[in-house]
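Each chain is listed here by its residues.
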Amino acid sequence: MSDKKEVDDRFKKFGTVSFTSLTKTNDFITNLEEAKVTGTKCRVCGMTFFPPRSDCYSCLSSDMEWFTVSGTGKLVTYSKLQYAPVGFEGDVPYSIALLDYGAFKVFGRLAGDVPEEEVMVGMKMKAEPNRLPNGQINYVFHKA
Ligand SMILES: [Zn+2]
């Protein structure tokens, strides 16, 4: 006998904050296609989120608006991957990194054309949309 349900809602059990449907933040992809890397900002308390969230964990409001990640962030840390998760095996080696924009941080990849010897913690970088060879879209970090 199977205990499989019509709706698979197991992810609701994950983490300490209630699960939010991904569809609420799917505009992130549309924004990327319009060459904008975006996060969300709470209209009530002004808190900013990246990756975008549709609910504010500070004041619990769901009154959110999009903002474009602009300007530069400071490279906090990075790591070159020689082994990749399933689905990314063809991409290695690549570097994952974290940029600090002050009010929020952005996790992502360094652009493939950033010379390794020029990458330094503390350097200014900017997140920009990036079209992949297979037509998918993401964002990568370039030197500012
Ligand atoms: Zn808020």
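Preceding this section is the structure that the text describes.
Thresholds, definitions, all that
Every chain begins its residue count from 1, and numbering advances along the sequence as written. In view of the model being predicted, local features appear only for residues whose pLDDT reaches at least 70, and side-chain atom pairs are presented and counted only at 80 or more, with totals across whole chains, interfaces and linings using the full set of residues. No hydrogens and no water enter the side-chain calculation; it runs on all heavy atoms of the structure. Strand pairing is defined by DSSP finding a minimum of two bridges between the two strands. Only DSSP runs of H or I with at least four residues qualify as helices, and only runs of E with at least two residues qualify as strands; both kinds are numbered from the N terminus onward. The donor set covers N, O and S atoms within 2.8 Å of the metal, switching to 3.2 Å for Na, K and Ca, and it leaves out water, so a site may look short of donors. In this scheme the shape depends on donor count and angles: four donors with every angle between 85 and 135 degrees give tetrahedral, four or six donors with opposite pairs above 155 degrees and others between 65 and 115 give square planar or octahedral in turn, and any other case is irregular. Relative accessibility under 20% of the residue-type maximum defines a buried residue, over 50% an exposed one, and the middle range a partly exposed one, all with a 1.4 Å probe and only protein chains included. In these notes, a set of buried Ala, Val, Leu, Ile, Met, Phe, Trp, Tyr and Cys residues joined through side-chain atoms within 4.5 Å is what counts as a nonpolar core. Residue contacts are defined here by distance: any two heavy atoms, one from each residue, within 4.5 Å place the two residues in contact.

A. Examining the pairing of strand E7 (residues 124-131) more closely. Examined bridge by bridge, strand E4 (residues 73-81) and E7 share 2 bridges and lie antiparallel to one another. Note on E7: the bridge partner recorded for Lys74 is Lys124. Across 7 bridges, the pairing between E7 and strand E8 (residues 137-143) is antiparallel. Bridge assignment links Arg131 to a residue of E8, and that residue is Ile137. Hairpin connection of E7 to E8: 5 residues between the antiparallel strands, including Gly135 at a positive phi of 95°.

B. Structural view of the coordination of the zinc ion. With distances of 2.3 to 2.4 Å, the protein atoms coordinating the zinc ion are Cys42 (SG), Cys45 (SG), Cys56 (SG) and Cys59 (SG). Here the zinc ion is ringed by 4 donor atoms whose angles at the metal span 103 to 117°, and the overall shape comes out tetrahedral. Spacing between the donor residues of the zinc ion along their common chain follows C-x2-C-x10-C-x2-C. Linking Cys42 in strand E1 (residues 38-42) with Cys59 in the loop between strand E2 (48-49) and strand E3 (64-68), this pair joins segments that are 17 residues apart in sequence. Judged by relative accessible area, Cys42 falls into the buried class, the value being 1%.

C. Molecular detail of the nonpolar core. Phe50, Val69, Val106, Met125, Tyr139 and Phe141 are the most contacted members of the largest nonpolar core, which totals 22 residues. Sorting the residues of this core by element identifies helix H1 (27-33), strand E5 (94-100), strand E6 (105-110), E7 and E8 as the ones contributing at least two each.

D. Quick look at the side chain of Thr48. Tracing the sequence through the fold places Thr48 in strand E2. The class for Thr48 is buried, based on a relative accessible area of 15%. Leave out the neighbours within four places in its chain, and Thr48 touches Thr40, Lys41, Phe67, Ala103 and Phe104.

E. Structural view of the sheet that holds E3. Spatial ordering of the open sheet is given by E2-E1-E3, a layout of 3 strands whose pairing is antiparallel. On the outer flanks of this sheet lie E2 and E3, each paired with one strand and no other. Looking at chain direction, E1 and E2 are connected through 2 bridges and run antiparallel. Residue pairing across strands places Lys41 opposite Thr48, the latter belonging to E2.

F. Summary view of unusual backbone geometry. Here the bond from Phe50 into Pro51 is cis, since omega is -5°, no more than 30 degrees from zero. The residue after Val92, namely Pro93, is reached through a cis peptide bond having omega -5°. Structurally, the position occupied by Pro93 is in the loop between E4 and E5. Even without glycine at this site, Ala35 takes up a positive phi of about 70°.

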